[in-house]
Amino acid sequence: MATQKDTVRRLLDRAGRTYAAEAGINLADKPAPLYRLLVLGVLLSTRISADIAVAAARELRGYGTPRKMLDATWQQRVDALGRAHYVRYDESTATALGDGARLLIDEYGGDLRKIRDGEVREQLRKFPRLGPVGADIFCREAQAVWPELRPYLDRKTLDGARRVGLPADAAKLARLVDGPDLAGFSAALVRVSLDKKLADQVREG
């Protein structure tokens, strides 16, 4: 019978790549990669597949700072989203990205590290189109470089834990992996919450 450690190992092996890594973001506690993670959170907040949102983040990598995003024309942003097939939401998202870049520059000098001084999740929700879901996405990924967020295991990750027979309790889950692995662990749990076939493969070995 598989132990919890066996399940965790399979989970990380099959699905433990962070969404930031998939989007080509080399996450670090620096303004540019944190901004790209914010953009990814905005893109993943809409009712669109994660694969398309990640592809859109890759298309937008040329606008990887708030200043570059703001300097891009609205049409350039729309075109980048279109190349990733990020349709239906492309025009409104292009506007939101411009407005969010302006907010980040005006309120935080373009540096997301400044939100660490306050309630991170609440400050994130100031950004257009980054609602509760997007704030959770950002925090799950950012815990890789912001240790004070650990363990960030939200309802979506607990849903995934239930699917693969792990405890649906954040404190117990956090003890199953080392702190630096929590971001990948949470990404894997989200994936199995969304993909029953993947969950079955992890559970059955």
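Residues numbered from 1 in each chain as written. Predicted model: local features only at pLDDT ≥ 70, side-chain atom pairs only at ≥ 80, totals over all residues. Heavy atoms only, no water.

Caption draft 1: Structural context of the packing of aromatic side chains. The final tally for this structure, using the stated rule, is two aromatic pairs. Sitting over the face of the ring of Tyr 19, Arg 191 holds its NZ or CZ atom 4.3 Å from the ring centroid. (Phe/Tyr/Trp six-rings, centres within 6.5 Å; stacked < 30°, edge-to-face > 60°. Lys NZ or Arg CZ within 6 Å of the ring centre and 35° of its normal.)

Caption draft 2: Quick look at the environment of His 85. Along the chain, His 85 falls in the loop between helix H6 (74–83) and helix H7 (90–108). Taking C-alpha positions, His 85 is 8.4 Å from Ala 55, a pair spaced 30 residues apart along the chain. (Helix = DSSP H or I, 4+ residues; strand = E, 2+ residues; numbered from the N terminus.)

Caption draft 3: Here's a closer look at helix H1 (residues 4–15). Between its first and last C-alpha atoms H1 spans 16 Å; for twelve residues at 1.5 Å apiece the expected length is 16 Å, and the two agree. All of the buried residues along H1 are Thr 7, Val 8, Arg 10, Leu 11 and Ala 15. Mapping the buried residues of H1 onto a view down its axis gives an arc of 165°, with all of them on the same face. Across H1 from its buried face, at more than 90 degrees, point the exposed residues Lys 5 and Asp 13. Looking at the buried residues of H1, the elements they touch are helix H12 (182–194) and helix H13 (196–204). (Expected span 1.5 Å × (residues − 1). Buried < 20%, exposed > 50% of the residue type's maximum accessible area, 1.4 Å probe, protein only. Arc of directions from axis to C-beta. Contact = heavy atoms within 4.5 Å.)

Caption draft 4: The arrangement of the environment of Asp 71 in detail. In this fold, Asp 71 is placed in helix H5 (residues 66–71). It is 9.6 Å that separates the C-alpha atoms of Asp 71 and Ala 101, two residues lying 30 residues apart in sequence.

Caption draft 5: Molecular detail of the pattern of salt bridges. Enumeration over the complete set of coordinates arrives at 14 salt bridges. Residue Arg 102 is joined to Asp 106 by a salt bridge in which the shortest nitrogen-to-oxygen separation is 3.4 Å. Taken together, the positions of Arg 102 and Asp 106, both in helix H7 and four residues apart, correspond to about one turn of that helix. Arg 102 gets classed as partly exposed once you look at its relative accessible area, which sits at 36%. (Salt bridge = Lys/Arg side-chain N within 4 Å of Asp/Glu carboxyl O.)

Caption draft 6: Fine view of the nonpolar core. By size, the foremost hydrophobic cluster in this structure holds 54 residues, and its most contacted members are Leu 40, Leu 43, Leu 60, Leu 124, Phe 138 and Trp 146. Per-element tally for this core: the top contributor is helix H3 (residues 31–44), with nine residues. Not counting chain neighbours up to four residues away, the residues in contact with Leu 40 comprise Tyr 19, Ala 20, Ala 23, Ile 25, Ala 53, Val 54 and Ala 57. Formed by 19 residues, the second largest nonpolar core is a distinct cluster that contains Leu 11, Leu 153, Val 192 and Val 202. (Core = buried A, V, L, I, M, F, W, Y, C linked by side-chain atoms within 4.5 Å.)

Caption draft 7: Representation of the packing of H3 against H7. It is the contact of H3 with H7, at a shortest axis distance of 11 Å, that shows an interaxial angle of 145°. In the packing of H3 onto H7, the handedness of the crossing is right-handed. Each of Tyr 35, Val 39, Val 42 and Leu 43 in H3 lies in contact with H7, whose residues at this interface are Thr 93, Leu 97, Ala 101 and Leu 104. Grouping the constituent residues of the contact of H3 with H7 by class yields seven nonpolar, one polar and no charged. (Axes fitted to C-alpha atoms, helices over the stretch in contact; angles between N-to-C directions. Left-handed = near helix turned anticlockwise from the far one by under 90°. Nonpolar A, V, L, I, M, F, W, Y, C, P; charged D, E, K, R; others polar.)

Caption draft 8: Spatial organisation of the side chain of Ser 193. Note that Ser 193 resides in helix H12. Using a relative accessible area of 14% as the deciding quantity, one classes Ser 193 as buried.

Caption draft 9: The packing of helix H10 (residues 155–163) against H12, seen in detail. Where H10 meets H12, the closest approach of the two axes is 7 Å, and the angle between their N-to-C directions is 70°. Comparing the axis directions of H10 and H12 gives the class roughly perpendicular. Like other packed secondary-structure pairs, H10 and H12 cross with a definite hand, here left-handed. On the side of H10, the interface is formed by Lys 156, Thr 157, Asp 159, Gly 160, Ala 161 and Arg 163, while H12 contributes Ser 186, Leu 189, Val 190, Val 192, Ser 193 and Leu 194. Taken together, the residues of the contact of H10 with H12 sort by class into five nonpolar, four polar and three charged. (Parallel < 35°, antiparallel > 145°, perpendicular 65-115°, else oblique.)

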